[in-house]
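Architecture and fold: a report
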Amino acid sequence: MFRGTEGSNRVPVAITIAGSDSGGGAGIQADLKTFAALGVHGTTAITCITAQNTYSVTAIECVKPEIVKEQIKQVAEDMGIDAGKTGMLYTEEIIKAVSEEISKYNFPLVVDPVMVAKSGAFLLKPEAEAALRKYLLPLATVVTPNRFEAERLTGMEIRSMEDAKRAAKEICSMGPRAVVIKGGHLDMPKDAIDILYYMGEYRIFSMPRLDSKTTHGTGCSFSAAIAAFLAKGEDIPSAVKQAKEFTTNAIKFGLKIGKGVGPVNPLATLYREAAKYGVLKSVREAKRILESFPEVADLAPEVGINVAMALPYPENINDVAAIPGRLMRAFGRVKASSSPDFGGSSHLARYLLEMIRHDPRKRAAINIRFSEEILSILRGIGMKISFFDRKEEPADVKHIEGMTIPWGVKQAIARIGETPDVIYHMGDFGKEPMIVVFGEDAAELARRIVEVASKYRSSQRKGNCSI
Ligand SMILES: Nc1ncnc2c1ncn2[C@@H]1O[C@H](COP(=O)(O)OP(=O)(O)OP(=O)(O)O)[C@@H](O)[C@H]1O
Ligand SMILES: [Mg+2]
């Protein structure tokens, strides 16, 4: 491995030798996000500037081959490179220049033989394909063709896993140490299966195929992630395995922007990790606020109050922090018997998980007792209110454990044509009626609930006086 001179405790350095995507979804931009998310220092040698967005590439300007070489050289000589990847190279001249420069150093190289963009534009001139095979593939540690690229490289048609395996072996005979045939475009409706051929053996990496419209940049993130794991010293199979998991998350939490295929989101995992402390702190603060004001006890249902807040992009109840055992009424106040934790509520978590699918900002919720008067106070402070009726729940939904609330939230949203701030239901056999109030932040929402509790208490007092 070619490293700099500063010793082994330095941050690993990775380089991407690729094109710039002005839409920020693929190319250099996706690669840098991926490197940053995986804790390696990302460096770049830009080969081409593309004008593109989520649905088209309208212009390509190549960087002079000697400038591409110079970018690699300056990084290599100063910092050392622990691993690299190539993406869009476009011309034979650039391929030759990159191959020549890379062969001076000895870092592991992932070659993503980018040929065509998701939008259909050519990112490698057809006459440059031979140069890619001849000069670059023999220098590669791992090559990552998608189905069409593997077909172009081998001249074979790939229709099945067996075809993909044969193609991987054939490409491996062109000089790289390992080949991954990516499964994004293979005809497998249920799973996205990648096939690694390495040291004469096949390894299959399978993940469920996501029905996602945010796949712009999957291939770039995948190859950049392999390079990042290699830079950190992982072996090839483990780098490919982890890169696949990483890419699946980047697709799952992709960004719904633009009119075409939205960008993948390589930073999603990092954002979730980073948000954990803030979310827990906010729920802790919400608990303190609710416990400090005696009037909050007037809003407590029999089952107690809970306050919950979700991480960004939550997947299940373990991504939602709440108070296990809830805040129960005791001595004229509400009081928790335990500290907030992730997975602390399944009830409110289900409300939030569904709500966030419709409005990602509404990440906090508090449940309170149902009363018409409380509802009118909530309406009075400008909250949008909707409801669902448990009696209307279809039998097939009722039979599945945990489905009533998601169904109810969808009903409440459909009823008013937008996401409400408050959802209530009037109860059913064995189910206490309930109001759930939503907000962006747990502590802020708790302050609003205190405001509601104060208004409710003073209205009750006035009511009692007038009797
Ligand atoms: N819908 C999907 N669900 C899950 N994984 C997917 C999906 N589409 C692609 N992948 C995975 O993403 C990675 C990239 O594969 P893909 O075949 O999409 O590359 P690509 O065609 O080169 O992408 P790009 O068009 O961005 O260059 C692979 O690990 C593949 O299995
Ligand atoms: Mg690709």
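Residues numbered from 1 in each chain as written. Chains lettered and ligands numbered in written order. Predicted model: local features only at pLDDT ≥ 70, side-chain atom pairs only at ≥ 80, totals over all residues.

Another point: the sheet that holds strand S18 (residues 434-439). Strand order in the open sheet made by the 7 strands is S14-S11-S10-S15-S18-S17-S16, with mixed pairing throughout. Taken across any chain shown, the strands that pair with only one partner, and hence form the sheet edges, are strand S14 (341-342) and strand S16 (385-387). Of the strand pairs in this sheet, strand S11 (residues 320-322) and S14 are connected by 2 bridges, and their pairing is antiparallel. Pairing of alanine 322 across the sheet is with aspartate 341, part of S14. Seen against the sheet, helix H9 (residues 268-292) touches strand S10 (307-310) and S11 and runs at an angle of roughly 165° to S10. (Pairing = 2+ DSSP bridges. Helix = DSSP H or I, 4+ residues; strand = E, 2+ residues; numbered from the N terminus. Contact = placed C-beta atoms within 7 Å. Axes fitted to C-alpha atoms, helices over the stretch in contact; angles between N-to-C directions.)

If you trace the backbone, alanine 168 turns up in helix H6 (residues 161-172). A tally of 24 C-beta atoms within 10 Å means that alanine 168 is categorised as buried. Contact partners of alanine 168, with chain neighbours within four places excluded, come to Val179, Ile181, Ile195 and Tyr197. (Buried ≥ 20, exposed ≤ 12 C-beta atoms within 10 Å, placed from the backbone.)

So, about the packing of helix H1 (residues 27-37) against helix H7 (residues 218-231). It is at 8 Å that the axes of H1 and H7 come closest, and there the two elements cross at 40°. One way to sum up the angle between H1 and H7 is to call them oblique. Both H1 and H7 take part in a crossing whose hand is right-handed. Facing H1, whose interface residues are Gly27, Ala30, Asp31, Thr34 and Phe35, H7 presents Cys220, Ser221, Ala224, Ala225 and Ala228. Residue composition of the contact of H1 with H7, grouped by class: 6 nonpolar, 3 polar and 1 charged. (Parallel < 35°, antiparallel > 145°, perpendicular 65-115°, else oblique. Left-handed = near helix turned anticlockwise from the far one by under 90°. Nonpolar A, V, L, I, M, F, W, Y, C, P; charged D, E, K, R; others polar.)

With their axes 9 Å apart at the nearest point, helix H2 (residues 65-78) and helix H3 (residues 92-102) run at an angle of 25° to one another. By the criterion of interaxial angle, the relationship of H2 to H3 is roughly parallel. Crossing handedness for the pair H2 and H3: right-handed. Across the interface between the two elements, Pro65, Glu66, Val68, Lys69, Ile72 and Lys73 from H2 touch Glu93, Ile94, Ala97, Val98, Glu101 and Ile102 from H3. Split into classes, the residues belonging to the contact of H2 with H3 amount to 7 nonpolar, no polar and 5 charged.

In short, the description is geometric, and any link to function would need to be established separately.
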